[in-house]
Amino acid sequence: MDAFLINGKKQLSGKISVSGAKNAILPIMTATLLTEGKSILHNVPHINDFKMMSHLLRIIGARVEHENNTMKIDSSNAGYWEAPYELVSKMRASIYVLGPLLAKFNKASVAFPGGCAIGTRPVDLHLMAIEKLGANITIEHGYINANCPDGLVGAEITFPFISVGATANTLMAAVLAKGKSILNNIALEPEIDSLISFLNKMGAKIKHLHNNSLEIIGVDKLSPVEMTMIPDRIEAGTLLLSSAITKNSFTICNCEPQHLISLIEKMELAGCKFEISDGNITVFPAEMIKPVDITTEAYPGFPTDLQAQFMSYMTLANGKCQIKETIFPDRFMHIAELNRLGANIQINNGIAEVSGVKKLSGAEVMATDLRASAALVLAGLAAEGETTISRIYHIDRGYEKIEQKLNAIGADIKRIIQ
Ligand code: UD1
């Protein structure tokens, strides 16, 4: 298992570019199954989650090519409807094949996803919505078996709370269903908007209604399309925070500042200033970091996927703050590792209390999940001396060549191949 060896406190400057959005591209990859023919996706980075999703699509019968930053998916010969446990257990987003397979083949068999480092993460809302569209679902031998011999039928579905994954899966199932569907209390994440744009480009009829609802008029057929993927707001946010924590000013390019408003507002409260122009954000970090409380929420609230990285930043604040995780309450595995680097964080009644320290000092730590590993990279960049982060396969799932990108602006991160 590879590790990162980070020599902290280097001077960072220049420009760093953001890749395409992992969480937008994963459902779009599975949406290509809804059609026959070759879809072309641009701005697709080489990360391990895409390798795994490509593997799954190939098992289903699609041809997937990924060269440079372009991915071509030809689903003409897709004809298998099972997502095996070995893949689903490694990548929860495999559940995204459920909606498209059911819509296309009237049946699907997807391994039941297990827990993961950030919690139990059930899929009951996905199943509730798909049942409402007329599918019969049984769970046997660890597999979700869904079928609808006469096809799916439009329905009105109200999600009891917001789920990104359930919104995406239901959308992909409903676009080919007979008649009209209304989805209420949907996720408003930019990744969902990008999926809607992709599906509409394929010929789907999806429109936003007032009050977080969507109307979908089922169509008979969808066509393959070519589209450029949106930039990854979580990678961009991680990079903004790497500038702030190291107190080095640099520019994050090819991002969408509109998607980062909740983070930028909190960083402003911490004392950062920004210059924002046309897809580029330059951060002017605060010398004295003010403590700022955050509570994670569905978009446009503060993203849970930046909670760990923001916590790293707050470890060096001049005072105390509270970090409340409302999306995945168990998502605090990084705390013990940050404390190994000299941070002072405690959990009280499910809320992380961060008491800022004067400095972090390098140590050996372990990555526990994707965003926790990004938080450790940030802490390692700001820490004195050497930090070794083991199990960085987590970071390779979602960040393309993060060490090369940061080294290009002055960081000293070595990948140790073990
Ligand atoms: C997606 C993102 C993930 C991000 C999360 C929240 C992808 C591939 N992953 O995950 O990076 O952290 O959104 O922004 O896009 N829940 C249920 N039942 C369900 C579905 C969800 O109880 O059927 C719960 C979850 O356990 C969680 C909350 O709902 O507490 C929100 O989860 P959800 O928005 O569905 O997250 P994911 O789509 O899994």
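Conventions and cut-offs
- Residues numbered from 1 in each chain as written.
- Predicted model: local features only at pLDDT ≥ 70, side-chain atom pairs only at ≥ 80, totals over all residues.
- Heavy atoms only, no water.
- Near = heavy atom within 4 Å.
- Polar contact = N/O pair within 3.5 Å; in protein donor to acceptor, adjacent residues only side chain to side chain.
- Areas by Shrake-Rupley, 256 points an atom, 1.4 Å probe, with all protein chains shown as cover.
- Helix = DSSP H or I, 4+ residues; strand = E, 2+ residues; numbered from the N terminus.
- Nonpolar A, V, L, I, M, F, W, Y, C, P; charged D, E, K, R; others polar.
- Contact = heavy atoms within 4.5 Å.
- Core = buried A, V, L, I, M, F, W, Y, C linked by side-chain atoms within 4.5 Å.
- Buried < 20%, exposed > 50% of the residue type's maximum accessible area, 1.4 Å probe, protein only.
- Lys, Arg positive; Asp, Glu negative; His and termini not counted.
- Salt bridge = Lys/Arg side-chain N within 4 Å of Asp/Glu carboxyl O.

Once that is clear, we can look at the site of the ligand. The environment of the ligand is formed by 18 residues, the closest being D124, L125, S163, D305 and I327. One nitrogen or oxygen atom from the main chain of V164 is found 2.7 Å from an oxygen atom belonging to the ligand. Here I327 contributes a backbone N or O atom positioned 2.5 Å from an oxygen atom of the ligand. Protein burial of the ligand: of its 740 Å² of free accessible surface, 85% is covered by the chains. When contributions to the shell around the ligand are tallied by element, the ones reaching two or more residues are α5 (124-132) and α6 (164-174). For the shell around the ligand, the element with the most residues is α5, which contributes three residues. Within the shell around the ligand, the residues separate by chemical class into nine nonpolar, five polar and four charged.

To continue, consider the environment of F310. By the element assignment, F310 lies in helix α10 (residues 307-314). Between the C-alpha atom of F310 and that of K266, which follows or precedes it by 44 residues, the distance is 9.3 Å. Once you skip the residues sitting within four places of it in the chain, F310 turns out to touch L241, L263, K266, M267, V292, I294, F302 and I323.

Looking now at the nonpolar core. Core analysis: the largest hydrophobic core is formed by 79 residues, its most contacted members being M29, L34, L41, L152, L171, L199 and I206. Not counting the four nearest positions on each side in its chain, I206 is found in contact with L171, V175, I196, L199, N200, L214, E215 and I216. Listed in part, the 68 residues of the second largest apolar core include I264, A367, I389 and I392.

Attention now goes to the side chain of R371. Note that R371 resides in helix α12 (residues 370-382). Within the buried set, R371 has no salt-bridge partner at all; the shortest N-O distance to an opposite charge, 4.2 Å, is to D305. Polar contacts involving the side chain of R371 include one to the side chain of Y399, which spans 3.0 Å. Apart from residues no more than four positions distant in its own chain, R371 is found in contact with K22, N23, I234, D305, A308, Q309, R331 and Y399.

Attention now moves to unusual backbone geometry. Residue Y299 is joined to P300 through a cis peptide bond whose omega torsion reads 10°. Here N43, not a glycine, exhibits a phi torsion of approximately 65°, which is positive. By the secondary structure assignment, N43 is in the loop between β3 (38-42) and α2 (48-60). Unusually for a residue other than glycine, H141 sits at a positive phi of about 50°.

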